[in-house]
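Spelled out from the first residue to the last, the chains are:
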Amino acid sequence: MKLINQGYILDVEKLNNQKNVCMCTSIFRHSTKRLFSSFRNGTTKESSDGNGVIAESENGTEWRILFSGFQTVFDGIQGEIKAVELSEKPDGNLFAFLSWFDRTKGSKLYNPSSDTILPARIILVDSYDMGKTWENYRTIDIGDLQGPALTGPVVKVPGGYLVFFEKYGPEQPSGPSLHAACALFSKDGIIFDRIITVARHPENKIFYWDQRNAYDVDSGKIISMFWTYDRENEKDIDIHIAYGNPDTLTWTVPQSTGIQGQIAMPIPLTEGRLLCFYVHRHHPGSMRLVMSYDKGKTWDIANEMVIYENQEIKEKGVSGESSYAEYWEDMGTWSFGHPCGIMLDENLGLLVYYAGRDVKKLSARYAIVSI
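Rules and cut-offs
- Residues numbered from 1 in each chain as written.
- Predicted model: local features only at pLDDT ≥ 70, side-chain atom pairs only at ≥ 80, totals over all residues.
- Heavy atoms only, no water.
- Phe/Tyr/Trp six-rings, centres within 6.5 Å; stacked < 30°, edge-to-face > 60°.
- Helix = DSSP H or I, 4+ residues; strand = E, 2+ residues; numbered from the N terminus.
- Buried < 20%, exposed > 50% of the residue type's maximum accessible area, 1.4 Å probe, protein only.
- Lys NZ or Arg CZ within 6 Å of the ring centre and 35° of its normal.
- Core = buried A, V, L, I, M, F, W, Y, C linked by side-chain atoms within 4.5 Å.
- Pairing = 2+ DSSP bridges.

K.L.:
For this particular structure, what's the right way to read the packing of aromatic side chains?
P.N.:
The geometry of an aromatic ring pair is captured by the separation of the ring centres together with the interplanar angle, meaning the angle of the planes. For the coordinates displayed, the defined rule picks out 31 aromatic pairs. Note on Y324 and W328: the rings are 6.4 Å apart at their centroids and 85° apart in plane angle, and the pair reads as edge-to-face. With Y324 and W328 both in helix α1 (residues 324-331), this residue pair falls four residues apart, about one helical turn. We note that Y324, like W328, is buried. In textbook terms, an aromatic cluster arises when at least three aromatic residues are bridged by ring pairs, as seen for Y110, Y168, F207, W209, W227, Y229, Y324, Y327, W328 and W334. For the cation-ring pair, K221 lies above Y243, with the distance from its terminal atom to the ring centre recorded as 5.7 Å. In this arrangement the basic side chain of R281 is found over the ring face of F336, its NZ or CZ atom lying 4.5 Å from the centre.

K.L.:
What exactly am I supposed to notice about the nonpolar core here?
P.N.:
In globular proteins that are soluble, nonpolar side chains generally tend to be buried together. Of all hydrophobic cores here, the largest spans 60 residues; its most connected members are W209, F277 and I307. The next biggest cluster of nonpolar side chains, apart from the first, holds 18 residues, and it includes F28, L94, A96 and M130.

K.L.:
What exactly am I supposed to notice about the pairing of strand β28 (residues 336-343) here?
P.N.:
Where burial is concerned, most of β28 is hidden: eight out of the eight residues are buried. For β28 and strand β29 (residues 348-358), the ladder comprises six bridges, and the chain directions are antiparallel. Bridging across to β29, M343 finds its partner in G349. Hairpin connection from β28 to β29: four residues lie between these consecutive antiparallel strands.

Here is the structure:
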């Protein structure tokens, strides 16, 4: 593996406004080969003015802002857009899923006194001009699931579309908040009316946070990777991996990869190879790329590649010293993350993530790697 090029999708150091924080980065390639990167941009990580931005590119190295400013008021309630995930309908038009949070209920995403996050919705919206304008906003019905939040790219499988999210909240009155990795399924990319559980610990002792998923053409499976948290012992454990069957929409039980990290994006290759672009939060904090030659059973960690590194800041909470509530606070101080990536061709990969010199200046960035 070799790093060929790297740069900015949006360099906040060059902005003249106060919205200097990008996060929740993602990437989507249209059937016309046009590339779209979506991300959240706001004054701070926790600011209520966060909204979605979409950038486009023909080659992955030259980016221009295409759209910013999704609708944020629904049913008279002012909210924030935290994440935008794009996909393509069979007719070639774009649709987007938005993670929306009610900002009238608090100044921070997580409330430690109630162990809940802000009320949230998953919004579906359409574009008929390749992302320049958006219309037809509607809330997706997810039943009684609380705290829904999008977790990575929409995945097209032979039988339809999968939109991945996680839920977090009490399931019984006065009960504890519980977590599950979930997905919405649609056969046609229009009606998303089936909810699937991707991963959940039977005793709710392990949380499979921030899943990232990709469809592997070679094996015909969905590869899912999870930032995995031991709720009982209040600390991260190794990244976990599971495999989904797109016909039955069932997944294997997540297993450890042996990789010490957080959010991890699987990028399937040919001949049994699988890339993992992941957050290495331990010092020195970095974004790393590692190869598996057996579809994720084992990993060549000794030869992993550092895509980005910040040696100046020692990230908080990564050694198990923080309580669960403190860990949520620590997340607001982290200066890089949210990996995503696709292959541009058989030998060239495009990676996106956010990073900056400190939490006040976080840019949306890209890297091109040869494999």
